[in-house]
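# Observations on chain architecture
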Amino acid sequence: MGALRTPDMKVICPTAPNMPVTMNGGFRLNSWFDLKSISISDPEDEEGIKKATRYVHELIQGEMKSGITSNRIMLGGFSQGGALALYAGLTFAEPLAGVMALSCWLPLHKSFPSVRKCPDTVPVLQCHGDCDPIVFYKFGQLSSSVLKSFMKNSHFQTYQGLGHSSCDAELSDMKVGSKEEGNILQV
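Rules used in this analysis
- Residues numbered from 1 in each chain as written.
- Predicted model: local features only at pLDDT ≥ 70, side-chain atom pairs only at ≥ 80, totals over all residues.
- Heavy atoms only, no water.
- Phe/Tyr/Trp six-rings, centres within 6.5 Å; stacked < 30°, edge-to-face > 60°.
- Helix = DSSP H or I, 4+ residues; strand = E, 2+ residues; numbered from the N terminus.
- Buried < 20%, exposed > 50% of the residue type's maximum accessible area, 1.4 Å probe, protein only.
- Pairing = 2+ DSSP bridges.
- Right-handed = clockwise from strand over helix to strand, strands pointing away.
- Contact = heavy atoms within 4.5 Å.

## Some thoughts on the packing of aromatic side chains
On inspection of all chains with the given rule, the structure shows 5 aromatic pairs. Between Tyr87 and Phe112, the aromatic rings sit 5.6 Å apart at their centres with planes inclined by 80 degrees, giving edge-to-face as the arrangement. On the criterion of sequence distance, the pair formed by Tyr87 in helix H2 (residues 80–90) and Phe112 in the loop between strand S5 (98–102) and strand S6 (124–129) is long-range, its members being 25 residues apart. Owing to a relative accessible area of 4%, Tyr87 belongs among the buried residues under this scheme.

Now the structure itself:
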């Protein structure tokens, strides 16, 4: 985040709670919600996703109470954090500055667009490596297709040869995509 931060920007990076994760053999790790599998068709932890979303919404509302307008707050995250940033941003009623979602998918995608509360003009930047062995590139592409069906300002950026990580080009694209005087809430 240091590469993105400007002197007038506040960055908040909350840590996911420690919990048992099904994909991890039930062993505990920091996770926003349970992952049963990384598959677009398998059941998802709807209760956990919504609980984590309430937490992110509370963080946003806390920043708004301190005087920052919602349209100056940007959500961002990587992998599961990116998935949470997407879901939380799309289900927040006030207009945000945008959502940056890296190497992730849209959770509970079948519930959209009916659960969308944000204006359809909120900018969404999805970044994904085409060699991602964890969150497959096709899941990012499918999520992008869903987003483009109800969001007017959704962009999907591919990084050739990139696995489940980030690169300098991605960081540069994120910096261009963030507002100069915005705030990033990375989950």
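## A short note on the pairing of strand S4 (residues 73–78)
Of all 6 residues making up S4, 5 are buried, and the element is well covered by its neighbours. Bridge count for S4 against S5 is 5 bridges, and the pairing is parallel. Bridging from a neighbouring strand, Gly77 pairs with Ala101 of S5. Considered for its hand, the β-α-β crossover made up of S4, H2 and S5 is right-handed.

## Looking at the environment of Thr121
Looking at the secondary structure, you find Thr121 in the loop between S5 and S6. C-alpha of Thr121 to C-alpha of Ala97: the two residues are 24 residues apart in sequence and 9.8 Å apart in space. Once you skip the residues sitting within four places of it in the chain, Thr121 turns out to touch Lys152 and Asn153.

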